[in-house]
Every structure is written in C-alpha cells, then in structure tokens.
Amino acid sequence: EETKATASPEELKAAEAQIKQSQDMVDSAIASSKDLDKVADETPIFGVPAYYYKSLRKHQAKSYYTELRIPILLLQGENDMQVYADKDFTAYKEILKDNPKMVSHLYPKTNHLMTESTNTKVSMIFEDYTPTKHVRTEVIDDIAAFIKAN
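Residues numbered from 1 in each chain as written. Predicted model: local features only at pLDDT ≥ 70, side-chain atom pairs only at ≥ 80, totals over all residues. Heavy atoms only, no water.

### Focus on the overall build of the protein
Logical step 1: Of the regular secondary structure elements, the protein holds six helices and four strands.
Logical step 2: Out of the 150 residues in the protein, the part that is buried amounts to 23%.
Logical step 3: Contacts in the protein between residues at least 24 apart in sequence constitute 54% of all its contacts with a sequence separation of at least 6.
Logical step 4: For the protein, the accessible area works out to roughly 11300 Å², and carbon and sulfur atoms hold 56% of it. (Helix = DSSP H or I, 4+ residues; strand = E, 2+ residues; numbered from the N terminus. Buried < 20%, exposed > 50% of the residue type's maximum accessible area, 1.4 Å probe, protein only. Contact = heavy atoms within 4.5 Å. Areas by Shrake-Rupley, 256 points an atom, 1.4 Å probe, with all protein chains shown as cover.)

So this is what it looks like as structure tokens:
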C-alpha cells in the first residue's frame, strides 16, 4: 500500500518560496555569466562573489597543472552534476597524465559530495543533498591510502 506524504498549506507555501528563490538565483547567475566583465566584483553568483569567477579566467588549469610534480589526488563521482565525469574528470586526467604522482579514482553511483547517489539528472540534485549522508567508505579509504603513500 502506497503512503502519500502530506504538507500543510504553510509548508507548501514555504517550499514554493524556496523553489522561487532557487530559480531566481539560477536566472541571476545565468544572466551574470553571459557578460561577466560588466558584473561588479562583489555581486554574488550562486553565493560567490563575481570576482572569483573572473579570476578563474585568468588562470588556465592546463598550464598550471602540467608544471606540477607533486602528488595529486583526483577524485570524481560518476553522478556528479557539478563537475562532469565525462568532460571535466577526463580533461584533468589528460592534463595530469605526465605526472607520475597523480592518482585518480572514479566512483560509480557517487555525487559531488562523495556520497551515494542514483540521481542522473540535474533536476534531482537537491534530492541528493537534502538528507544527511556520509562520505562513501571507499573514498575515505582511497584518501587515507594516498596520504600514507605520499
């Protein structure tokens, strides 16, 4: 027998307000990112000052990381909706391929927070982050092994 959750009118109103606030934040971030140079440095984009995003443009990861010869641990969740396994993780592995001290791990059914996730759609991201979850044991084990080895 299926049980349906019910919410009071006040809870529904609060949830709708939260959704509206999130949508406004996304709309603002998209608008700001289209012409970032015209956005004031202190203007928040997803809660982070625009200056941060502007500074990222000045530093190309490839030129920086290819020069590093220190141990680097690259961890990625397959279900990460913020940093993509098929694009970003693959690109960083390529950039770091000549670093003999680079160790990488790709975790199935794992999100950006390194917790278990079966979500594969951006629209479901908040469902992943709402309940309290623990970092996956294998992630902790891999971090500990990397620290011990280096």
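After that view of the structure, there is still more to cover.
### A closer look at the pairing of strand 3 (residues 72-77)
Logical step 1: Pairing geometry for strand 3 and strand 4 (residues 102-107), over six bridges, is parallel. Its bridge partner being in strand 4, Gly77 is matched across the sheet by Tyr107.
Logical step 2: What joins strand 3 to strand 4 is helix 4 (residues 85-95), and the crossover it makes is right-handed. (Pairing = 2+ DSSP bridges. Right-handed = clockwise from strand over helix to strand, strands pointing away.)

### Notes on the pattern of salt bridges
Logical step 1: The final tally for this structure, using the stated rule, is three salt bridges.
Logical step 2: Between Asp41 and Lys54 there is a salt bridge, with its nearest N and O atoms 2.8 Å apart. Here Lys54 lies in helix 2 (residues 50-58) and Asp41 lies in the loop between helix 1 (9-34) and strand 1 (44-45), a separation of 13 residues in the sequence.
Logical step 3: With relative accessibility at 35%, the residue Asp41 sits in the partly exposed group.
Logical step 4: The class of Lys54 is buried, set by a relative accessible area of 15%.
Logical step 5: Close ionic contact of Lys97 with Glu94 constitutes a salt bridge, the shortest N to O distance being 2.5 Å. (Salt bridge = Lys/Arg side-chain N within 4 Å of Asp/Glu carboxyl O.)

### Description of the packing of aromatic side chains
Logical step 1: Throughout the structure, instances matching the rule amount to one aromatic pair.
Logical step 2: Ring centres of Tyr65 and Tyr92 lie 5.6 Å apart, and the angle between their planes is 80 degrees; this geometry places the pair in the edge-to-face category. Taken together, the residues Tyr65 in helix 3 (residues 61-67) and Tyr92 in helix 4 connect sequence positions 27 residues apart.
Logical step 3: What makes Tyr92 partly exposed here is its relative accessible area of 30%.
Logical step 4: Across the ring face of Tyr84, the terminal group of Lys87 is positioned such that the distance to the ring centre comes to 5.5 Å. (Phe/Tyr/Trp six-rings, centres within 6.5 Å; stacked < 30°, edge-to-face > 60°. Lys NZ or Arg CZ within 6 Å of the ring centre and 35° of its normal.)

### Focus on unusual backbone geometry
Logical step 1: The phi angle at Lys109 is positive, at roughly 50 degrees, despite the residue not being glycine.
Logical step 2: By secondary structure assignment, the location of Lys109 is in the loop between strand 4 and helix 5 (125-129).
Logical step 3: A positive phi angle is found at Met114, which is not glycine, with a value near 65 degrees.
Logical step 4: Along the chain, Met114 turns up in the loop between strand 4 and helix 5.

### Overview of the environment of Tyr51
Logical step 1: Tracing the backbone through its elements, the reader meets Tyr51 in helix 2.
Logical step 2: For Tyr51, a relative accessible area of 47% puts it in the partly exposed group.

### Here we look at the side chain of Thr115
Logical step 1: For Thr115, the location among the structural elements is in the loop between strand 4 and helix 5.
Logical step 2: Among the polar contacts made by the side chain of Thr115, one reaches the side chain of Asn111 at a distance of 2.9 Å.
Logical step 3: What Thr115 contacts, discounting residues up to four positions off in sequence, is Lys109, Thr110, Lys133, His134, Val135 and Arg136. (Polar contact = N/O pair within 3.5 Å; in protein donor to acceptor, adjacent residues only side chain to side chain.)

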